[in-house]
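# Tertiary structure, described
Below are the chains, spelled out letter by letter.
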Amino acid sequence: MRFTWLGHNCWQIGLADRKLLLDPFLNDSPTAPMKADAVDCDELLVSHGHFDHISDAAAIAKRTEARVFANFEVGEWLKGQGVAESRIEQMNLGGGVDLPWGRVTMTIAHHSSSLPDGSYGGNPAGFLIEAEEKRIYLACDTALFLEMKMLGLPRLDLAILPIGDRFTMGINQSVEATLLLNPQHVLPCHYNTWPPIAQDSQQWASAILQKTAAEPHILAPGETFELL
Ligand code: NI
Ligand code: MN
């Protein structure tokens, strides 16, 4: 399973025969290595309504005819942007959808969620992906929360966590989250997109190595981590 960081919270996830895309923010992102019209996906996951997670979602969903996973309110908004109703998988916190290739569960996130036009975005979320006998947790925009302890059970192969601080967890809470989740591997994101969320990723990796059992992997935008 391959995880390519497209900057910020945008990840392309390559399964054996599926391409997933999380939180497309490409055309207006200062760090994205590609534009929205160059990205390919079969399934599109949207964690919440903020522009830095959804700005290219409607255009990509329409062009690629991807299946879209989003909460009820974000799903309604995407319909209004012209995304076909039949391809939107509306869900909400704690709920999952079984698919031929695995399962996608929407997990809690402590954050906020309004859409670019100011309309109500419902509750923000993270995602748990179960596929190819792996369990992957995409925290998305969130504070630290104690239920992470349960998301890590019975085991977690990979956690992708924000470390930018200010709008989400910072480095210290990301280390605490890693202790609760106990993943085998951990990747940082949602940092260095703009100066207010600048972070020293080496400092984060050192803290992960010192205090947790997880293996940290720092990527530059455009780079790929392969989960074996
Ligand atoms: Ni946000
Ligand atoms: Mn964000």
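Summary of the structure given here. In this numbering scheme, every chain counts its residues from 1 along its sequence in written order. Here the convention is simple: chains get letters from A, ligands get numbers from 1, in the order in which they are written. In view of the model being predicted, local features appear only for residues whose pLDDT reaches at least 70, and side-chain atom pairs are presented and counted only at 80 or more, with totals across whole chains, interfaces and linings using the full set of residues. Values reported for side chains reflect all heavy atoms of the structure, with hydrogen atoms and water molecules removed beforehand.

The next point concerns the coordination of the nickel ion (ligand 1). Around the nickel ion (ligand 1), the protein contributes the donor atoms His-48 (NE2), His-50 (ND1), His-111 (NE2) and Asp-141 (OD), which lie 2.2 to 2.3 Å from the metal centre. Of note is the nickel ion (ligand 1), whose 4 donor atoms meet at the metal with angles of 88 to 177° in an arrangement that counts as irregular. Each metal site lists N, O and S donors within 2.8 Å (3.2 Å for Na, K and Ca). With water left out of the atoms, a site can look as if it is missing ligands. All donors of the nickel ion (ligand 1) come from a single chain, and their spacing in sequence reads H-x1-H-x60-H-x29-D. Taken as an interatomic distance, the gap from the nickel ion (ligand 1) to the manganese ion (ligand 2) is 3.2 Å; Asp-141 donates to each of them. Within this pair, whereas His-48 is found in the loop between strand 4 (43-45) and helix 1 (51-54), its partner His-111 is found in the loop between strand 8 (102-108) and strand 9 (125-131), the two being separated by 63 residues in sequence. Accessible area is worked out with a 1.4 Å probe on protein chains only. A residue is then buried under 20% of its type maximum, exposed over 50%, and partly exposed in between. For His-111, a relative accessible area of 24% translates into the label partly exposed. Geometry is assigned from donor-metal-donor angles: four donors are tetrahedral when every angle falls between 85 and 135 degrees, four are square planar and six octahedral when opposite donors sit over 155 degrees apart with all other angles between 65 and 115, and any other arrangement is irregular. Here a strand is any run of E in DSSP of at least two residues, a helix any run of H or I of at least four, and the numbering for each starts at the N terminus.

The next thing to look at is helix 2 (residues 57-64). Those residues of helix 2 not exposed but buried are Ala-57, Ala-58, Ile-60, Ala-61 and Thr-64. The buried side chains of helix 2 occupy one side of the element, clustering within an arc of 165° when seen end-on. Throughout, a residue-residue contact means that at least one pair of heavy atoms, one from each residue, lies within 4.5 Å. Summarising the contacts, the buried residues of helix 2 are in contact with strand 3 (19-22), strand 4, helix 1, strand 5 (67-71) and helix 3 (72-80). Just beyond helix 2, the residue with positive phi is Glu-65, at close to 55°. Within this analysis, the arc is defined by the directions that extend from the helix axis to the C-beta atoms.

Function cannot be read off these values alone, since they describe shape.
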